[in-house]
Amino acid sequence: MLTSLMERDVVIIGAGAAGLMCAIEAGRRGRRASVIDHSGKAGQKIRVSGGGNCNFTNLNTGPEHYISQNPHFCKSALSRFTPGDVISLLVKHGIGYHEKENGQLFCDEGSGSIINIIRKEGEAAGVQIHLNCRISGTRKQEFFNVATSRGTFLSKSLVIATGGLSYPKIGATGFGHKVAENFGLKVTPLRPALVPLTFNRKDLSIFSELSGVSVKAKVGCNNKEFYGNILFTHKGLSGPAILQISSYWNNGDTIHIDLLPDFNIRETFIEKRQSRMEMKNLLALYFPKRFIQKWCELYIRSKPVYQYADKDIEDIVRRLKNWEIKPAGSEGYSSAEVTLGGVDTNELSSKTMEAKKVPGLYFIGEVVDVTGQLGGYNLQWAWASGHAAGQFV
Ligand SMILES: Cc1cc2nc3c(=O)[nH]c(=O)nc-3n(C[C@H](O)[C@H](O)[C@H](O)COP(=O)(O)OP(=O)(O)OC[C@H]3O[C@@H](n4cnc5c(N)ncnc54)[C@H](O)[C@@H]3O)c2cc1C
């Protein structure tokens, strides 16, 4: 039972992957750790992650899979708590996992099993978790003072692990960014990332009927390219390749889509140069029917292949290899998996995650300006940065 004044060694605000990992590590070191969250459940984002199966890490974890104003910042924490360390935790608790593709590891038994591991490890480390706990103020005098609906917490260390702005329906807020600013720390510009992109009005009227159709493609923008499915939605484009490129796309940019990344369509056209087959029937061999019907209707006048002039064939190849779309925007934080930007890494120690200007104040996880690509990199950053701070709080 909470008394009105709680003295702890460390108070962690945010019971997500980063905050809970930090608490476990601090607790193992004998620190009295309390985790506070306004939500009624711990680990809500872990629960929804990976479509409920939790893509908990990626075997290819490395700084090249993260976006930050300082691309070197994540290296220290990531090298001290690796995908192998996360796997060891699953193995210790007898939880199976499997690799899907590109090093992405998923739980065999759903994301709840990861939350159970974290809960058990937290209990063993003596961590206290206070849910449904609203915070009314944080300040620093001799100790950090966190006033909440369930009493006041005093601690030597305060860790902010409140994540980004995405998915407000499960508890995301800008609390951590505000705390940083109140303590005089810079926050880099924030925007939704790993998010579906929306069509402009004209494209929407053309493509909305393709909602549900998925095409394997390579999507590029601003010198980045991702290979994977693109999915037509009733608002625009989604699917792994689009989510990935959304983190590199800025308002007004055009995205370039190679609709046949695995295939030399020019060679096929040369082989079939004298064919009497209709172009749309030939292309239908490589695409979902609904998609290619619409595409042909828009960009080519279908006729037997032999009737095309060479320059028309070249034009079709060009359009297939570089279909250009200028999105109107993104679906925003309500659909974004993560927030790009956060507490400026120049303000923090990459070894401890402590604020250079405010001793005892730490920022970990998604609230920091370190954003992973799709594929388990964001949870790995949350675990690793939480673990890093947990060794010093
Ligand atoms: C739908 C979805 C699917 C995803 N799938 C994956 C995936 O498969 N693999 C992957 O690596 N990443 C995935 N991510 C991203 C990943 O879940 C996050 O990057 C990661 O969980 C962030 O961890 P965190 O601990 O920093 O923050 P969070 O998990 O967001 O935790 C922050 C905590 O702070 C609490 N909080 C916020 N504001 C306050 C406040 N004012 N007072 C008190 N408490 C507060 C919140 O309730 C929350 O519990 C996904 C994200 C979403 C939205």
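Presented here is an overview of the structure given in this document. (Residues numbered from 1 in each chain as written. Predicted model: local features only at pLDDT ≥ 70, side-chain atom pairs only at ≥ 80, totals over all residues.)

Some remarks on the sheet that holds strand β6 (residues 104-107)
Whenever strands of a sheet pair, they do so through backbone hydrogen bonds, lying parallel or antiparallel. Inclusion rule: One bridge is not enough; two strands pair if DSSP finds at least two bridges between them. Helix numbering and strand numbering both begin at the N terminus, where a helix is a DSSP run of H or I of at least 4 residues and a strand a DSSP run of E of at least 2. Lines fitted to C-alpha atoms define the axes, with helix axes restricted to the stretch in contact, and inter-axis angles between N-to-C directions lie between 0 and 180 degrees.
As summarised here, the arrangement of the three strands in space is β3-β6-β5, forming an open sheet in which the pairing is antiparallel. Because the sheet does not close on itself, it has two edges, and the strands there are β3 (55-58) and β5 (97-99). Between one strand axis and the next, the sheet turns by 30° as a mean value, whatever way the strands run. With three bridges joining them, β3 and β6 adopt antiparallel strand pairing. Bridge assignment links Asn58 to a residue of β6, and that residue is Gln104.

Structural notes on the environment of Thr345
Applied cut-off: Residue pairs qualify as contacts under a 7 Å threshold applied to their C-beta atoms, which are placed from the backbone.
Structurally, the position occupied by Thr345 is in the loop between β19 (338-340) and β20 (361-363). Expressed as a C-alpha distance, the spacing of Thr345 and Asp262, which sit 83 residues apart in the sequence, is 39 Å. Excluding residues within four positions of it along the chain, Thr345 makes contact with Ser68, Gln69, Asn70, Phe73, Val368, Asp369 and Val370.

Focus on the site of the ligand
The cut-off we apply is this: As used in this record, a residue near a molecule or strand is one whose C-beta atom, placed from the backbone, is within 6 Å of it. Charged means Asp, Glu, Lys or Arg here, nonpolar means Ala, Val, Leu, Ile, Met, Phe, Trp, Tyr, Cys or Pro, and polar covers whatever is left, Gly included.
In the vicinity of the ligand, 36 residues are found, and the nearest of them are Gly14, Gly16, Gly163, Gly171 and Gly365. Of all elements in the fold, only α1 (17-28), α2 (44-48) and α13 (377-390) reach the threshold of two or more residues within the shell around the ligand. By residue number, the principal contributor to the shell around the ligand is α13, which donates four residues. A breakdown of the residues in the shell around the ligand according to their chemical character gives 15 nonpolar, 17 polar and four charged.

Brief notes about unusual backbone geometry
Our working rule: Every C-beta atom is placed from the backbone, and the number of other C-beta atoms within 10 Å of a residue's own sets its class: buried at 20 or more, exposed at 12 or fewer, partly exposed in between.
Here Cys54, not a glycine, exhibits a phi torsion of approximately 55°, which is positive. As for its position among the elements, Cys54 is in the loop between α2 and β3. Under the C-beta neighbour-count criterion, Cys54 is labelled buried, with 27 such atoms within 10 Å. Within the chain, Leu194 stands out as a residue other than glycine whose phi angle is a positive 45°.

Considering the pairing of strand β10 (residues 151-160)
Relative to β10, strand β1 (residues 5-13) is paired through eight bridges, and the arrangement is parallel. Residue pairing for β10: Arg8 is matched across the bridge by Ser155. Relative to β10, strand β9 (residues 144-148) runs antiparallel, the two sharing five bridges. Paired with Asn145 across the bridge in β10 is Leu154. Between the end of β9 and the start of β10, which pair antiparallel, lie two residues.

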